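Survey of secondary and tertiary structure
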Amino acid sequence: MIELIPAIDIIDGKCVRLTKGDYDAKTVYSDSPADVAVRLEEAGFKRLHVVDLDGAKSKHVVNLQALKDITSRTGLVVDFGGGVKTEDDISKVFGCGAAMVTVGSIAVTEKDLFVKWLEKFGAARIILGADVRDGMISINGWKEDTQEPITDFLEYYVARGVRNVLCTDISKDGTLQGPAFGLYEEILKNFPSINLIASGGVSCVDDIRRLERAGVPSVVFGKALYEGKIDVEKLISGMKER
């Protein structure tokens, strides 16, 4: 069964969603990310993806208190990303209760440092963030596009022990237009050993089922959940029956 991972994106301590990474296209869903996390746990979810959008934009972790509130009030297995630039950032994130940390930009700009973190903290606790626009990796809160193809990026790190990869197609994120099925199928074809976490564009339960049929191990989704496009009870019960 595909692993279901709801997302909480945070700006100014609030639960929000962007469209295609545009900070000017922001919708606020709750003033309390922790309240949202409690409701998600009560609904039956076990995992949670938390993104510090302030951190991603300012290039250092910002919303640690929101993370701590979430982990202190729930038993969810939380992975946290956004603005993680130093080993101290990682230590603080783990200290606030996150089980895993997602690192993207540093994996592009300082490859040796990322590999060092991978070795120190272990492949089970480090998620490689691979944000993609037109087949190329994008960094720093999707504000900077690189000339590094996603395939080259993954090939480099899979060879160095990366197991968990969170891949977001930026053009799909927050659009409710469906995930980048072709992108994920190509990634799994080339790197069948990784735990691929698909993110971006999920609009309905059928999208999730199609990802599952394609062999995608995990999926992150947010906007479809907050806007009532997904019936949580039916989703979780339906997946358990499969």
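Residues numbered from 1 in each chain as written. Predicted model: local features only at pLDDT ≥ 70, side-chain atom pairs only at ≥ 80, totals over all residues. Heavy atoms only, no water.

1. Brief notes about helix α4 (residues 87-95)
Buried within α4 are the following residues: Asp89, Ile90, Val93 and Phe94. In an axial view of α4, the angular spread of the buried residues amounts to 130°, which keeps them on one side of the axis. Where α4 is buried, its residues meet α3 (64-73), β5 (77-81), β6 (100-103) and α6 (111-121). Gly97 sits one or two positions beyond α4 and adopts a positive phi of about 105°. (Buried < 20%, exposed > 50% of the residue type's maximum accessible area, 1.4 Å probe, protein only. Helix = DSSP H or I, 4+ residues; strand = E, 2+ residues; numbered from the N terminus. Arc of directions from axis to C-beta. Contact = heavy atoms within 4.5 Å.)

2. Quick look at the environment of Met1
Structurally, Met1 can be placed in the segment before β1 (3-11). Take Met1: its relative accessible area is 63%, and that puts it in the exposed class. Once the C-alpha coordinates of Met1 and Arg209 are considered, the two residues, 208 residues apart in sequence, prove to be 9.5 Å apart.

3. Brief notes about the side chain of Asp207
With respect to the secondary-structure elements, Asp207 resides in helix α9 (residues 205-213). A polar contact of 2.6 Å, which involves the side chain of Asp207, links it to the side chain of Ser203. (Polar contact = N/O pair within 3.5 Å; in protein donor to acceptor, adjacent residues only side chain to side chain.)

4. Examining the packing of aromatic side chains
Summed over the entire model, instances satisfying the criterion amount to six aromatic pairs. Between Phe153 and Tyr157 the ring centres are 5.4 Å apart and the planes differ by 80°, which places this aromatic pair in the edge-to-face class. Here the residue Phe153 and the residue Tyr157 both occupy positions in helix α7 (residues 150-158), the gap between them amounting to four residues, near one helical turn. Take Phe153: its relative accessible area is 0%, and that puts it in the buried class. Judged by relative accessible area, Tyr157 falls into the buried class, the value being 0%. Ring pairs connect the aromatic residues Phe114, Phe153, Tyr156 and Tyr157, which therefore count as one cluster. A cation over an aromatic ring shows up here: Lys57 above the ring of Tyr23, its NZ or CZ 4.8 Å from the ring centre. If you follow Arg125 out to its NZ or CZ, it ends over the ring of Phe94, 3.7 Å from the centre. (Phe/Tyr/Trp six-rings, centres within 6.5 Å; stacked < 30°, edge-to-face > 60°. Lys NZ or Arg CZ within 6 Å of the ring centre and 35° of its normal.)

5. Brief notes about the nonpolar core
Membership of the largest hydrophobic core comes to 75 residues, with the highest contact counts inside it found for Leu4, Ile8, Phe153, Ile208 and Phe221. Here Ile208 is in contact with Ile2, Leu4, Val202, Val219, Phe221, Ile230, Leu235 and Met239, once residues within four sequence places are set aside. (Core = buried A, V, L, I, M, F, W, Y, C linked by side-chain atoms within 4.5 Å.)

6. Quick word on the state of the cysteines
Per the stated rule, a full pass over the model turns up zero disulfides. Left without a disulfide partner, Cys15 is nearest to the cysteine sulfur of Cys96, which lies 18 Å away. Residue class for Cys15 comes out buried when judged on its relative accessible area of 0%. Considering cysteine sulfurs only, Cys204 is the nearest to Cys167, which forms no disulfide, with 20 Å between them. (Disulfide = S-S within 2.5 Å.)

7. As for the packing of α4 against α6
With their axes 11 Å apart at the nearest point, α4 and α6 run at an angle of 35° to one another. Taken as a pair, α4 and α6 cross one another with a handedness that is right-handed. Across the interface between the two elements, Glu87, Ile90, Ser91 and Phe94 of α4 pack against Lys116, Trp117, Lys120 and Phe121 of α6. Partitioned by chemical class, the residues of the contact of α4 with α6 number four nonpolar, one polar and three charged. (Axes fitted to C-alpha atoms, helices over the stretch in contact; angles between N-to-C directions. Left-handed = near helix turned anticlockwise from the far one by under 90°. Nonpolar A, V, L, I, M, F, W, Y, C, P; charged D, E, K, R; others polar.)

8. With respect to the pattern of salt bridges
Tallied over the entire structure, the rule returns eleven salt bridges. Note that Arg47 and Asp79 form a salt bridge whose closest N and O atoms lie 2.9 Å from each other. Here Arg47 is found in strand β4 (residues 47-52), whereas its partner Asp79 is found in strand β5, with 32 residues between them in sequence. The salt bridge involving Arg133 is made with Asp145; its shortest N-O contact spans 3.0 Å. Of the two residues, Arg133 sits in strand β7 (residues 126-133) while Asp145 sits in strand β9 (residues 144-149), which places them twelve residues apart along the sequence. Take Arg133: its relative accessible area is 24%, and that puts it in the partly exposed class. Salt bridges sharing common partners tie together Glu3, Arg47 and Asp79. (Salt bridge = Lys/Arg side-chain N within 4 Å of Asp/Glu carboxyl O.)

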